[in-house]
Protein chains: 2
Amino acid sequence: LNKQSPIVVLDSGLGGLTVVRSLRQALPAEDLVYFGDTARLPYGSKTASVVTTFVSQIIRYLQPLEPKHVVIACNTATALSLPDVRAEFPSLTITGVIEAGAQAAVEAVGAIEEPMIGVIATEATVRSQAYEKAIHKRRMKARVLLQPAPLLVPIIEDGRMDADPLVQLAVRQYLTPLTTRGIDALVLGCTHYPILRGLIEETVGPKVAVVDSADHCAHEVLRKLESAGLRREVSEPTRGTLRCWVTDDGPRFTRLASRFLGYEIPRPTWINPDELPNARAELVDVRSVG
Amino acid sequence: LNKQSPIVVLDSGLGGLTVVRSLRQALPAEDLVYFGDTARLPYGSKTASVVTTFVSQIIRYLQPLEPKHVVIACNTATALSLPDVRAEFPSLTITGVIEAGAQAAVEAVGAIEEPMIGVIATEATVRSQAYEKAIHKRRMKARVLLQPAPLLVPIIEDGRMDADPLVQLAVRQYLTPLTTRGIDALVLGCTHYPILRGLIEETVGPKVAVVDSADHCAHEVLRKLESAGLRREVSEPTRGTLRCWVTDDGPRFTRLASRFLGYEIPRPTWINPDELPNARAELVDVRSVG
């Protein structure tokens, strides 16, 4: 491992790009490798053993790139598989997004005595109770209200935006049970959801602090790299690269990813999920972007 | 192969159960094996090579059951993989659902000179142009209007029903471009969609014939079994069994499948999709149902 090694970011699809955006701001010089498991998304309706198998396959596949850090930029995968994959890959430093999301929520409710914190997330994340645990570890007296929002990932992966009445109705259906209870903060407990952040903020109103895990997660990665002496020096003209892998090679990923990040991303490399267990990633032809 | 061999029905999730329902009516004595690839659904946003890999894995896995017939009860899988899997498994008789759907549409528009036929389907099925080809083969002068409806499968797999305003809005968004053009018939070009048939019929109004492929597909299977001398005799007290496999073992499948079929189905067998390429199905503990 050295400063030149890349940081790996993985997700079921597009959602982890919200973490890529924050990492790019916090760590502009780092090379990023993004893996979107687009052939097998969504993860949020699936069980722990299936999701753990998927995540473990992806990390094993990317291990030849010798990542100095791995970010599981998916709340479902973090909730269902983080302890297992940490045990399976003891030589890697692996960070999830749930601790960061819980930390962001607790900071957002600040001095409120018994804060009520709403969390929207996939069904699997809700079932795992990972957010209750992570929030209660930090603020025992917080009341945590969990709301599964299973259609938001398919809606976002479909490329629909805030102005679409169906998106507005879905967001309203999912948030009304939380806003009527009077939450103080809302955690976007899925890395896809910040893509609809404007609409979500409008729906919950100005009194509810909307928080997501991306920025906190990026700063956690920064701190860990610094304390390990693995952070790249920032030299102005050099910017890190972004290289993407996907398990399904539709044109959709490049189009939506570029729209979301605000710049053109290079065409992702396609790996058939059937070949994942026996293949090993190679870094060739990295083009600098973003 | 003999009359006692089962019929295999496969789909990405729940949709193929609409075909199971029709097969049960047309062929009450047959044993049915259902495979729902719930860990990797939806198929409709994925590419041909990925979907073909999935279907081929499933058929290879179920081949030890010596099925006398295989039904690909998924329009996306039929459109993207049927010729390839027929070539890969020359000893099996494999039927898809698109020819049956096209036949149903052509019969529904009957004597209309230049009928306009609308088709709602997944993005992958629309891109494949399989419906245009299958309809034009039968009625050269038909005008075919294709409308991708990518969110309907996630909505149906989420267990939402006709009365849900979000379901109504989604159906209206997808059907309005077709009804304003004045279609004579609407093909439900995905085996999931008949689950919302009531709402769809209400939305298009009484002048538009709504057709799906399930009944035609079941009768095609019946004809093929009869001509091969493989149809089981119907003896009143004996009813065929239904045995289900899924790649993800959530409680959702059993709950929604039972609700949809109108009777309790036995708990499905779970096969991890990671193990599919090297595993072989075994028939044990079949309980009679339905």
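Refer to the preceding data block for the structure.
These remarks concern the structure in this document. (Residues numbered from 1 in each chain as written. Chains lettered and ligands numbered in written order. Predicted model: local features only at pLDDT ≥ 70, side-chain atom pairs only at ≥ 80, totals over all residues. Heavy atoms only, no water.)

Assigned secondary structure in chain A consists of 11 helices and 10 strands. Projected onto its principal axes, the C-alpha coordinates of chain A cover approximately 50 × 40 × 40 Å. Residues counted as buried form 62% of the 290 residues belonging to chain A. Within chain A, contacts between residues separated by at least 24 positions form 77% of all contacts whose residues are at least 6 apart in sequence. On chain A, roughly 11,100 Å² of surface is accessible, and the fraction owed to carbon and sulfur atoms is 50%. Positive and negative charge centroids in chain A, built from 32 and 33 side chains respectively, lie 2 Å apart. (Helix = DSSP H or I, 4+ residues; strand = E, 2+ residues; numbered from the N terminus. Buried < 20%, exposed > 50% of the residue type's maximum accessible area, 1.4 Å probe, protein only. Contact = heavy atoms within 4.5 Å. Areas by Shrake-Rupley, 256 points an atom, 1.4 Å probe, with all protein chains shown as cover. Lys, Arg positive; Asp, Glu negative; His and termini not counted. Charge placed at Lys NZ, Arg CZ, Asp CG, Glu CD.)

With that settled, consider the pairing of strand β1 (residues 7–11) of chain B. All names here are of chain B. The buried fraction of β1 amounts to 5 of the 5 residues, a majority that puts the element mostly inside the structure. Burial of β1 is two-sided: the residues Ile-7, Val-9 and Asp-11 facing one way and the residues Val-8 and Leu-10 facing the other way are all buried. With 5 bridges joining them, β1 and strand β2 (residues 32–36) adopt parallel strand pairing. Bridged to Val-8 within β2 is Val-33. As a crossover connection, the stretch from β1 through helix α1 (residues 17–26) into β2 is right-handed. Of the strand pairs in this sheet, β1 and strand β3 (residues 69–72) are connected by 4 bridges, and their pairing is parallel. Residue pairing for β3: Ile-7 is matched across the bridge by His-69. (Pairing = 2+ DSSP bridges. Right-handed = clockwise from strand over helix to strand, strands pointing away.)

This brings us to the sheet that holds β3(B). All names here are of chain B. The sheet built from 6 strands is open, its strands ordered β4-β3-β1-β2-β9-β10 with parallel pairing. Taken across any chain shown, the strands that pair with only one partner, and hence form the sheet edges, are β4 (94–95) and β10 (269–270). Packed onto the sheet, α1 meets β1, β2, β3 and β9 (242–246) and runs at close to 170° relative to β2. Across the face of the sheet, helix α10 (residues 214–227) comes into contact with β1, β3 and β4 while running at roughly 165° to β3. (Axes fitted to C-alpha atoms, helices over the stretch in contact; angles between N-to-C directions.)

This part covers helix α8 (residues 165–179) of chain A. Counted at 1.5 Å a residue, the expected span for α8(A) with its 15 residues is 21 Å, and the 20 Å between its end C-alpha atoms agrees. At A:Gln173, α8(A) is bent by approximately 30°, the largest bend along its length, and proline A:Pro177 sits one to four residues beyond. Every buried residue belonging to α8(A) is among A:Leu166, A:Val167, A:Leu169, A:Ala170, A:Val171, A:Tyr174, A:Leu175 and A:Leu178, and all of these are buried. Elements in contact with the buried residues of α8(A): β5 (116–121), β6 (143–148), α7 (152–157), β7 (185–188) and α9 (197–204) of chain A together with α8 (165–179) of chain B. (Expected span 1.5 Å × (residues − 1). Bend = angle between axes of the 7 residues up to and from the residue.)

Turning next to the packing of helix α1 (residues 17–26) of chain A against helix α11 (residues 251–261) of chain A. Residue and element names in this part refer to chain A. Two elements in contact, α1 and α11, have axes separated by 10 Å at closest approach and are oriented at 40°. Overall, the two elements α1 and α11 adopt an arrangement that is oblique. Crossing handedness for the pair α1 and α11: right-handed. Counted together, Leu-17, Thr-18, Val-20 and Arg-21 of α1 and Ala-257, Phe-260 and Leu-261 of α11 form the full contact between these two elements. For the contact of α1 with α11, the per-class residue count stands at 5 nonpolar, 1 polar and 1 charged. (Parallel < 35°, antiparallel > 145°, perpendicular 65-115°, else oblique. Left-handed = near helix turned anticlockwise from the far one by under 90°. Nonpolar A, V, L, I, M, F, W, Y, C, P; charged D, E, K, R; others polar.)

Before going further, it helps to spend a moment on the layout of surface pockets. If you add up the space inside the largest pocket, you get close to 740 Å³. Forming the walls of the largest pocket are 46 residues, and the residues nearest its centre are A:Leu41, A:Pro42, A:Pro154, B:Leu41 and B:Pro42. The dominant element in the lining of the largest pocket, judged by the number of residues it contributes, is helix α11 (residues 251–261) of chain B, at 4 residues. Grouping the amino acids of the lining of the largest pocket by side-chain chemistry returns 21 nonpolar, 11 polar and 14 charged. (1 Å grid on protein atoms, 1.4 Å probe; cavity = no way out; pocket = protein on both sides within 12 Å on 5 of 7 lines; lining within 4 Å. Points joined across faces, edges and corners; volume = space filled by probe spheres on them.)

What follows deals with the side chain of A:His69. One can find A:His69 in strand β3 (residues 69–72). Among all residues touching A:His69, those that are not within four sequence positions of it are A:Pro6, A:Ile7, A:Val8, A:Thr93, A:Thr95, A:Val221, A:Lys224 and A:Leu225.

Here the focus is unusual backbone geometry. The peptide bond linking A:Leu41 to A:Pro42 adopts the cis configuration, its omega dihedral lying at -5°. Structurally, A:Pro42 can be placed in the loop between β2 (32–36) and α2 (48–62). For B:Glu66, which is not a glycine, the phi torsion comes out positive at approximately 50°. On the secondary structure map, B:Glu66 appears in the loop between α2 (48–62) and β3. Positive phi is not limited to glycine here, since B:Gln129 has a value of about 60°.

Time to look at the pairing of strand β5 (residues 116–121) of chain B. Residue and element names in this part refer to chain B. Among the 6 residues that make up β5, 6 are buried, leaving the element largely enclosed by the rest of the structure. Both faces of β5 are covered, namely the face carrying Met-116, Gly-118 and Ile-120 and the face carrying Ile-117, Val-119 and Ala-121. Looking at chain direction, β5 and strand β7 (residues 185–188) are connected through 4 bridges and run parallel. Looking at β7, one finds that Ile-120 is bridged to Leu-188.

Residues and elements named next belong to chain A. Spatially, β4-β3-β1-β2-β9-β10 is the arrangement adopted by the 6 strands of the open sheet, whose pairing is parallel. Each end of this open sheet is capped by a strand with a single partner; those strands are β4 (94–95) and β10 (269–270). Along the sheet, helix α10 (residues 214–227) makes contact with β1 (7–11), β3 and β4, crossing β3 at roughly 165°.

With that settled, consider the interface of chain A and chain B. The parts lose accessible area when they come together, and the size of an interface is often stated as this lost area. Between chain A and chain B, the contact holds 37 residues from the first and 37 residues from the second. Roughly 2,700 Å² of surface becomes buried between chain A and chain B when both sides are summed, with 56% attributable to carbon and sulfur atoms. The tally of links from chain A across to chain B stands at 2 salt bridges. For the salt bridge of A:Arg252 with B:Glu123, the shortest nitrogen-to-oxygen distance reads 2.1 Å. At the boundary of chain A with chain B, the tally comes to 18 residue pairs in polar contact (both at pLDDT 80 or more). Of all the secondary-structure elements, those providing two or more residues to the side of chain A that touches chain B are α2, α7 and α8 of chain A. For the side of chain A that touches chain B, the element with the most residues is α8(A), which contributes 6 residues. Its residues placed into classes, the side of chain A that touches chain B shows 17 nonpolar, 10 polar and 10 charged. (Buried area = accessible area lost by both parts, 1.4 Å probe. Salt bridge = Lys/Arg side-chain N within 4 Å of Asp/Glu carboxyl O. Polar contact = N/O pair within 3.5 Å; in protein donor to acceptor, adjacent residues only side chain to side chain.)

The values are spatial; any link to function lies outside them.
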